[in-house]
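Spelled out, the chains give:
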Amino acid sequence: VLSAFVAYLYRIGGKESFDIGFSDGSLQECIRGCEPFFSTFIPLRVEVDADLTFSGFHDSMRKQIAAMQGRKTYVRDLKLRYPHLRELSRHKVSAELPVVVFRVDQLPNPGEAGLNTELAVFIPDDGQECLWVYDDKVLDVATVGRMQQQLSAILNDVAKGDDPTVGVLSVMPEQEKKKILAEWNRTVAPYPTDVCLHQLFEAQVEKTPDAPALVFGSYCLTYREFNDRANQLAHYLRRLGVGVESLVGVYMERS
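Residues numbered from 1 in each chain as written. Predicted model: local features only at pLDDT ≥ 70, side-chain atom pairs only at ≥ 80, totals over all residues. Heavy atoms only, no water.

Enquirer: Quick one: what's the story with helix α1 (residues 2–13), residue by residue and with numbers?
Expert: Here α1 contains twelve residues, and its C-alpha end-to-end distance of 16 Å stays within 8% of the 16 Å for a straight helix at 1.5 Å per residue. For α1, a buried count of nine out of twelve residues is recorded, marking the element as mostly surrounded by other parts of the structure. Listed as buried for α1 are L2, S3, A4, F5, V6, A7, Y8, L9 and Y10. Once α1 finishes, G14 follows within two positions and takes phi at roughly 80°, a positive value. (Helix = DSSP H or I, 4+ residues; strand = E, 2+ residues; numbered from the N terminus. Expected span 1.5 Å × (residues − 1). Buried < 20%, exposed > 50% of the residue type's maximum accessible area, 1.4 Å probe, protein only.)

Enquirer: Quick one: what's the story with a negative patch on the surface, residue by residue and with numbers?
Expert: Together, E16, E47, D49 and D51 make up a region of like negative charge exposed at the surface. By the element assignment, D51 lies in the loop between β2 (41–47) and α3 (54–70). Residue classification places D51 among the exposed residues on the basis of a relative accessible area of 68%. (Patch = residues over 30% accessible without salt bridge, like charges linked within 9 Å, V, L, I, M, F, W, Y side chains within 5 Å. Areas by Shrake-Rupley, 256 points an atom, 1.4 Å probe, with all protein chains shown as cover. Salt bridge = Lys/Arg side-chain N within 4 Å of Asp/Glu carboxyl O. Lys, Arg positive; Asp, Glu negative; His and termini not counted. Charge placed at Lys NZ, Arg CZ, Asp CG, Glu CD.)

Enquirer: Outline a nonpolar patch on the surface, listing residues and values.
Expert: A cluster of nonpolar side chains, contributed by L233, Y236 and L240, occupies part of the molecular surface with about 330 Å² of accessible area. With a relative accessible area of 44%, Y236 lands in the partly exposed category.

Enquirer: Tell me about helix α5 (residues 141–159), and name the residues and values.
Expert: Between its terminal C-alpha atoms α5 stretches 27 Å, which fits the 27 Å expected from 19 residues at 1.5 Å a residue. Among the residues of α5, those classed as buried are V144, M147, Q150, L151, A153, I154 and D157. Where the residues of α5 are buried, they touch α1, β4 (119–124) and β5 (131–134). The opening residue of α5, the one whose side-chain oxygen lies 3.3 Å from the backbone nitrogen of A142, is D140. At the exit of α5 stands G161, carrying a positive phi of roughly 85°. (Contact = heavy atoms within 4.5 Å. Polar contact = N/O pair within 3.5 Å; in protein donor to acceptor, adjacent residues only side chain to side chain.)

Enquirer: Can you break down the packing of α1 against α5 residue by residue, with the values?
Expert: In the contact formed by α1 and α5, the axes pass within 10 Å of each other and the chain directions differ by 115°. Here the hand of the crossing between α1 and α5 comes out right-handed. Note on element contacts: α5 touches α1 through M147, Q150, L151, I154 and L155, opposite A4, F5, A7, Y8, R11 and I12. Along the lines of polarity and charge, the residues of the contact of α1 with α5 split into nine nonpolar, one polar and one charged. (Axes fitted to C-alpha atoms, helices over the stretch in contact; angles between N-to-C directions. Left-handed = near helix turned anticlockwise from the far one by under 90°. Nonpolar A, V, L, I, M, F, W, Y, C, P; charged D, E, K, R; others polar.)

Enquirer: Any details on the packing of aromatic side chains? Residues and values, ideally.
Expert: Tallying each qualifying case throughout the model produces five aromatic pairs. The interplanar angle of 35° and the centroid separation of 5.2 Å between the aromatic rings of F5 and F102 together place this pair among those described as tilted. In this pair, F5 is assigned in helix α1 and F102 in strand β3 (residues 100–105), connecting sequence segments 97 residues apart. Residue class for F5 comes out buried when judged on its relative accessible area of 1%. For the ring pair F54 and F57, a centre distance of 6.5 Å and an interplane angle of 55° mean the geometry is tilted. Of the two residues, F54 and F57 both sit in helix α3, three residues apart, roughly one turn of that helix. (Phe/Tyr/Trp six-rings, centres within 6.5 Å; stacked < 30°, edge-to-face > 60°.)

Right, here's the structure in full:
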């Protein structure tokens, strides 16, 4: 789920390298005292290769987390990456810290729910729930609901077993996909089969002679003007011997 969530952040943000807050018990003791934020969450720098299959990316995430867990100089690295930590009070977290945190162990206590981040995702050990806690000054219910659906779409894409590359993971829920590709494309309309195109155009000329029919840059032709030009060209072609089923080549600049 963490790998899918990181892939989702990449798909909506486009950045190949970014920090998220991550829960890791083995590092909590060695950094205790840095700041309250880090007693539970640790900045995890993730690298995303969009050309990797999801299984390959998942292996990459495992290696990135293992490297972080095995790094004995983590506290020094943390201070180098976030030098302003030394200046923070114990009751606030800088906006430069990760805006998204992810924890798989337990649901938050009421006092720690917000954690001064824009978005926090919690999944308890049994994996039966997924709690999203967000800053309502940055996100709203509709936006978070859409994000949850998009993450679900990625999880469904992964669960199909086709092992797609990270760069093509679908963030579009099936319902939304049907709406865009099917419902919004239902453009079938009754169309007369006993008249030709030029006759339909002439009928429109009668209805809206002064309405714009063609626009190119600042140039505009009304239906009446367009029809007059078409008739001029038709009479000219007839004088040249052009008739029904004749082939006429068009050689002109695009316009």
